[in-house]
Amino acid sequence: MEDDRLLSLAVAVASERNLQDVLQTIVRGLASQPGVALARIWLLLPGDICNSCFKRDECRDRTKCLHLVASAGTPIHSQERDWSLLNGHFRRLPLKTYVVGVVGATGKAILIRDVASDHLHLARPEWVHREGIRSIAAHPFISRDEVLGVLATLTREPLDERAFSWLGTFANQAAVAISNARAFEALEQAHEALRESVARSSAILENSLDCIVTADHEGRILEFNQAAEKTFGYRRAEVIGKLLAETIVPESMRERRSHGLMRIVEAGESQLLGRRMEMIARRADGSEFPIELAISRVALAGPPIFTGFIRDITERKRAEEEVTRLRRQLELENAYLNEQVKERLAFGEIVGKSPALLEVLQQIEMVARTDAAVLITGESGTGKELAARAIHERSARRGRPLVTVNCASVPRELFESEFFGHVKGAFTGAVRDRIGRFQLANKGTIFLDEVGEIPLELQGKLLRVLQEQKVERVGEDHERQLDVRVIAATNHNLKQDCEAGRFRRDLYYRLSVFPLELPPLRDRVPDIGRLAAHFLDLAAHRMNCPDIVLTNQVVEQLTAYDWPGNIRELRNVIERAVILSQRGPLRIDRVLAAGAPVARGGHGQPPAGVGEVSFPSAESKVLSSEELARMERDNTIAALEKARWKLSGTGGAAEILGIKPTTLASRLKRFGIERRR
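Note that this is a predicted model, so its numbers are computed, not measured.

K.L.:
What is the right way to read the packing of aromatic side chains from this model?
P.N.:
Aromatic rings in a pair are described by how distant their centres are and how their planes are angled relative to each other. All chains considered together, the criterion is met by eleven aromatic pairs. Ring centres of Phe 90 and Tyr 98 lie 6.0 Å apart, and the angle between their planes is 80°; on these two criteria the pair is classed as edge-to-face. When the centroid spacing of 6.2 Å and the interplanar angle of 70° are considered together, the rings of Phe 419 and Phe 420 count as edge-to-face. Residue classification places Phe 420 among the buried residues on the basis of a relative accessible area of 4%. Here a set of aromatic residues connected by ring pairs shows up, and it is made of Phe 415, Phe 419, Phe 420 and Phe 438. In this arrangement the basic side chain of Arg 283 is found over the ring face of Phe 289, its NZ or CZ atom lying 3.9 Å from the centre. A cation over an aromatic ring shows up here: Arg 670 above the ring of Phe 671, its NZ or CZ 4.8 Å from the ring centre.

Structure (structure tokens):
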């Protein structure tokens, strides 16, 4: 082996920067030396094919092994074989196996001068003999006291100590070249990653919809992206190096903002960092506009650098102002409509000044200020729901909901779910959680209309909720605290129902802390004219019949009528009369005649045109309660037969009688009326 050629090879290897080029230069250069049959390099790398390695059973540490990475040589026999291939039998060698593995594990070079005389245990002795291999030299690649790999040189001429030493010197220089090549590759990868990062950052910076402005601690602009150029009207070259206070900060704010970044630097962590702020900025033409700004500090060595993310919020501010304007307009319109609703709704306000009504209103004012339970009684159509609403609206709970429940319309099997709520899966059909009426009325008021219709077996559950102010949903195992005021209403005589065992006495006393009885319309004769005028105004407005006039004669006719259906009947009569009259004086003759009314004695003679109405004289017989009940029952049956047993809707018995369908259902139950088959 020639020393000068080996020295030239070392120089060539040192000039390479790419790791693969370094490795190939080493093995090809050695393979070209006189007498060299094969040169191979293994590098110490993590284990990767441990399960298929031919030495896996002898490998104790499978975390790393020697990988064949470069090979070159000249075969004598089978010259078609390519000794540069790296996927042969010895592509992986565990440490401490064979000569190469021992050198890799110990870091000490090994020379075998004569393969035949040393009586070695060779893996492929026939190959060694056939190719005329005489000597094997294995040198470690060591850099900074770390074994990088192994260089193996197989020669057809015996190697002496001098040649072996020269190979060791070459291996040391080659190890430096390998280490440098690895460092160069790592540096190049870092540079490439940095270039990609810079390219991505530049693309993000330039394509960002937000303005991005970077400045140093003195407030001098270092970066100005395209969005900033478009928003502020400056070219990037115009503002780089200039102070923020001289460019994008308005004159009125320059004194306050000129040292803002310096204050951040002096104070260290500042409340400004990372928080979005709204302020005013200035464009190149001097115009000012609102912006949203967020400042972040760039973590670099040396003086701090700050990046501002700026968004023009002119359109957002304009939209917010428009929303505010529309909200105010909507509030005004709602206030106006609320007033209109109060004026136009049939039961929007309590109309009348009769002594009987004034006494009720005084009681409403007194009880409204408390949280006492109220039981409103009276005939159907006297305005019990209106009284309940008046109590709620005059109470401290008026800002919370008034939840109305018609107890007569709730099916027996759904009573608990309707009143107390249920959870999903509590029963068949419970496909989702449902809040009950009591929980919906929390902090407000619940109005139990027709409370006398609640089945007896369910009254105990209602009583428990009223007493404890706690509710448990169906299917749930814990109670929820409530704060609900209860107002109940009925047209039944609950005292009699208690005596008859149809209503729980303890529930009655719980509901009737403050009983309030509404007078029938026949006891409010002075209010009939006012109510008629009120209902006429509402109906005429709704039906677009503004030319109808309420005459004194009509008021006298209305006053002479007994109004068994109370205020509801009066309203229905007025609405039907408006439909029939269309314009001019209001006519009620046909309306009253169709209802077969019972006149009140002693209030004047019947007006002309009411041919089917007979008014009893003052000497007429006074009827007993049983006779009145029998008459009411007969009248109900007559209405049912006239309506062909249709209970509700247009032309139904409830409409003919001027009562609610639920009231009619209650009356049928009370009188035991059933349709004849």
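K.L.:
Please clarify how the pattern of salt bridges should be interpreted in this entry.
P.N.:
Opposite charge on two side chains permits them to pair, given that their charged atoms come into close proximity. In the structure shown here, the tally under the stated rule is 35 salt bridges. Between Arg 464 and Glu 468 there is a salt bridge whose closest N-O contact spans 3.7 Å. In this pair, Arg 464 and Glu 468 both sit in helix H16 (residues 456-468), four residues apart, roughly one turn of the helix. A residue is classified by how much of its surface remains accessible, and Arg 464, at 30% relative accessible area, is partly exposed. With a relative accessible area of 39%, Glu 468 lands in the partly exposed category. Connected via shared salt-bridge partners are Glu 278, Glu 292, Arg 316, Lys 317 and Glu 320.

K.L.:
Just to check I follow, could you spell out helix H20 (residues 552-560) for this structure?
P.N.:
One full turn of an α-helix is made of 3.6 residues, so residues set three or four places apart face in the same direction. For H20, the complete set of buried residues consists of Val 554, Gln 557, Leu 558, Thr 559 and Ala 560. Those residues of H20 that are buried lie in contact with helix H19 (528-542) and helix H21 (566-581).

Cut-offs and rules
Position labels on residues start from 1 in each chain and follow its written sequence. Residue-level local features of this predicted model are given only where pLDDT is at least 70; pairs of side-chain atoms are given and counted only at 80 or more, and the full residue set underlies all totals for whole chains, interfaces and linings. Only heavy atoms go into the side-chain values, all of them from the structure, while hydrogens and water stay out. Aromatic contacts are taken between Phe, Tyr and Trp rings whose centres are within 6.5 Å, Trp giving its six-membered ring; a plane angle under 30 degrees counts as stacked, one over 60 as edge-to-face, and the others as tilted. In this scheme, a residue with accessible area under 20% of its type's maximum is buried, one over 50% is exposed, and one in between is partly exposed, where area comes from a 1.4 Å probe on protein chains only. The rule for a charge over a ring is simple: NZ of Lys or CZ of Arg within 6 Å of the ring centre, and within 35 degrees of the ring normal. By definition, a salt bridge exists where a carboxyl oxygen of Asp or Glu is found within 4 Å of a side-chain nitrogen of Lys or Arg. Only DSSP runs of H or I with at least four residues qualify as helices, and only runs of E with at least two residues qualify as strands; both kinds are numbered from the N terminus onward. Contacts are residue-level and defined by heavy atoms, with any inter-residue pair within 4.5 Å sufficient.

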